[in-house]
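# Survey of secondary and tertiary structure
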Amino acid sequence: MKISELKKRKTVRRATRNFDWEGNRIYNEFEYDLPYQTIYKGSERERLFAKIIDTLPFFLIFFFLFHKIAIISILLSIACVIIVGAVSESFLGTTLGKKIFNMKVIDDEGNYPGFLKSLVRNILGLANFNPEFSECVFNTVAMGKRTATRVNFSMHLNNQICKTHIVKENTIDEIRSLLNQEQSK
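The name that an unreviewed UniProt entry assigns to the protein is RDD family protein, with the source organism given as Chryseobacterium polytrichastri. Here is the UniProt Subcellular location (unreviewed entry) comment for the protein, exactly as written: "Membrane".

See below:
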């Protein structure tokens, strides 16, 4: 069994137009088997900040210690983050930035990805910085209606290709228990 095949049962209550003899509304209950979601709200932002945290020490080392110009320091630090990230994700399931945000990388079977899969995943991470611009409207008391441009980063391309998942550390036990339940059936 794989994480992408897991289902989670969800019960939805919908109000009807009918009432019982005490005046309480009658609800219909429907049960659905929905795919298990490893993506959570705010994961893109946390992953972006985690990548910045991973890159910053290498940039500072190349810029201040080796006295490289800024663009060369950035390029060298990106290469270092890809290699060090692949090693740490394959052994620990996390990097420094992901550890700060309590995130782990697991493959579709619930284990830490191998070095080669993690290396490909980190290289494909360069394509993840594809910003999506959208317009949003804010209603405030003082300023009235204001429009702004929101930038969202779609950071799931590398996970879709490599069949890996970024999950919170506290959900790993739940995922592994769901995988074990499905395998025992």
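Let's pick the thread back up.
This part covers unusual backbone geometry. Although it is not a glycine, H67 adopts a positive phi angle of roughly 55°. Inspection of the secondary structure assignment puts H67 in the loop between α1 (43–65) and α2 (70–91). For H67, a relative accessible area of 67% gives the class exposed.

Below, the discussion takes up the pattern of salt bridges. A full pass over the atoms with the stated rule returns seven salt bridges. In this structure, R9 and D33 form a salt bridge, with 3.4 Å as the shortest nitrogen-oxygen distance. Of the two residues, R9 is situated in strand β1 (residues 7–19) and D33 in strand β2 (residues 25–35); the sequence distance between them amounts to 24 residues. Residue classification places R9 among the exposed residues on the basis of a relative accessible area of 52%. E46 serves as the salt-bridge partner of K168, at 3.1 Å between the closest nitrogen and oxygen.

Our focus in this paragraph is the UniProt feature "transmembrane region" (unreviewed entry) in the protein. Sites flagged by UniProt as "transmembrane region" (unreviewed entry) map to residues 48–66 and 72–94. Between the end C-alpha atoms of residues 48–66 there is a gap of 26 Å, over a span that is 95% helix and 0% strand. Secondary structure over residues 72–94 splits into 87% helix and 0% strand, and the C-alpha atoms at its two ends are 26 Å apart.

It is worth spelling out a nonpolar patch on the surface at this point. A contiguous nonpolar surface patch, about 520 Å² in accessible area, is contributed by I69, I71, I72, I74, L75 and L76. Mapped onto the secondary structure, I74 falls in helix α2. What makes I74 partly exposed here is its relative accessible area of 37%.

Conventions adopted
- Residues numbered from 1 in each chain as written.
- Predicted model: local features only at pLDDT ≥ 70, side-chain atom pairs only at ≥ 80, totals over all residues.
- Heavy atoms only, no water.
- UniProt positions renumbered as here; feature names shortened; annotations may be inferred.
- Helix = DSSP H or I, 4+ residues; strand = E, 2+ residues; numbered from the N terminus.
- Buried < 20%, exposed > 50% of the residue type's maximum accessible area, 1.4 Å probe, protein only.
- Salt bridge = Lys/Arg side-chain N within 4 Å of Asp/Glu carboxyl O.
- Patch = residues over 30% accessible without salt bridge, like charges linked within 9 Å, V, L, I, M, F, W, Y side chains within 5 Å.
- Areas by Shrake-Rupley, 256 points an atom, 1.4 Å probe, with all protein chains shown as cover.

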